[in-house]
Amino acid sequence: MTKGIDISSHQGTEIDFHKVKAAGYSFVIVRAGYGTKVSQTFAPQLEGAQAAGLDTGAYWYSYATSKEAANREVATCLEAIKPYKLTYPVYFDQEYEPVIQAVTKKERTEICKTFLGALETAGYYAGIYASKDWLENWLEPLPEYDKWVAQYASKCTYQGDFGMWQFTGNGKVDGIPAAVDINECYKDYPEIIKKAGLNHLTKKDPPIIDYKAKYFDLLGDLQELINKYKRGQTDG
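Predicted model only: the values in this text are computed from it and were never measured. (Residues numbered from 1 in each chain as written. Predicted model: local features only at pLDDT ≥ 70, side-chain atom pairs only at ≥ 80, totals over all residues. Heavy atoms only, no water.)

(A) Representation of the nonpolar core in the model. I5, F42, I81 and L119 are the most contacted members of the largest nonpolar core, which has 50 residues in total. Per-element tally for this core: the top contributor is helix α3 (residues 67-81), with 6 residues. Beyond its immediate chain neighbours, meaning those up to four positions away, I5 contacts V20, Y25, F27, V28, I29, V173, I176, V180, D181, I182 and N183. Counting residues in each nonpolar core, the second largest holds 14 residues, with F27, Y88, Y125 and Y189 among its members. (Core = buried A, V, L, I, M, F, W, Y, C linked by side-chain atoms within 4.5 Å. Buried < 20%, exposed > 50% of the residue type's maximum accessible area, 1.4 Å probe, protein only. Helix = DSSP H or I, 4+ residues; strand = E, 2+ residues; numbered from the N terminus. Contact = heavy atoms within 4.5 Å.)

See the structure below:
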């Protein structure tokens, strides 16, 4: 099990991702956009997380009420994520928007399938984000897609299979000035995605390295050697 966060414009761009990683979080899922708009915070947040050596994925908040609208949204999403290698899935986020609640369960499910199918056709590992209630009562079963379940409780009681659980929307994480969603992940998505050759990744892609942390580790080792040398000189 690994722990991670998901972020959007609510957390801004003044995030110290090195502190996030040092606090024990290994992945970040970044909102790429909503409706047919790309989030202005997407690129700086994603690039900052990757530069700190964190695994990354993306999600798209939907307002689509038809398959045609879902196709328009996914086209914008694909354009936004195209420059990046993502080691976590790309998630379709469907929630309690009144216009989405107004359509039928079958229509909501077809909207999900349209968006997720387009992601898969484009070579991405696709998943769906939704609350436990939404998955159980507002959608028909979607067993072919990984689930990222939101349930703010002491444990996740969703009865189906799921790869990730969002257990709070009010987390406090060092390096982030605002409250943030925190998640547990139960699948090794970086390995799964690399092995499948999805998300612009291949088996030959190197693991993500936090070069800044490595640099300071080396400085620490060097200082330790200098201190040992000085002690040796004094003892002699």
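More follows now that the structure is in view.
(B) Looking closely at the packing of α3 against helix α5 (residues 105-121). For the pair α3 and α5, the least separation of the axes is 9 Å and the interaxial angle reads 30°. Put simply, α3 runs roughly parallel to α5. For the pair α3 and α5, the crossing hand works out as right-handed. On α5, the residues touching K67, A70, N71, E73, V74, C77 and L78 of α3 are E110, I111, T114, F115, A118 and L119. Tallied by class, residues from the contact of α3 with α5 come to 8 nonpolar, 2 polar and 3 charged. (Axes fitted to C-alpha atoms, helices over the stretch in contact; angles between N-to-C directions. Parallel < 35°, antiparallel > 145°, perpendicular 65-115°, else oblique. Left-handed = near helix turned anticlockwise from the far one by under 90°. Nonpolar A, V, L, I, M, F, W, Y, C, P; charged D, E, K, R; others polar.)

(C) Broad picture of the pairing of strand β8 (residues 164-171). With 3 bridges joining them, strand β7 (residues 146-150) and β8 adopt parallel strand pairing. Among the inter-strand pairings, V149 is bridged to a residue of β8, identified as W165. In the sheet, β8 pairs with strand β9 (residues 180-185) via 5 bridges, with the strands oriented antiparallel. Across the sheet, residue M164 finds its bridge partner in β9, namely C185. (Pairing = 2+ DSSP bridges.)

(D) Just α3, in detail. Taking 1.5 Å per residue, 15 residues should reach 21 Å; α3 reaches 21 Å between its end C-alpha atoms and fits that length. Of all the residues in α3, the buried ones are A69, A70, E73, V74, C77, A80 and I81. The arc that holds the buried residues of α3, viewed along the axis, is 130°, so those residues lie on one side. Of the exposed residues in α3, those oriented more than 90 degrees away from the buried face are E68 and R72. Among the structural elements, β2 (27-34), β3 (37-38), α2 (42-51), β4 (55-61), β5 (90-93) and α5 are those in contact with the buried residues of α3. (Expected span 1.5 Å × (residues − 1). Arc of directions from axis to C-beta.)

(E) A look at α2. Listed in full, the buried residues belonging to α2 are F42, Q45, L46 and A49. Projected down its long axis, α2 carries its buried residues within an arc of 95°, all on one side. At its buried positions, α2 is contacted by β1 (2-7), α1 (17-22), β2, β4 and α3.

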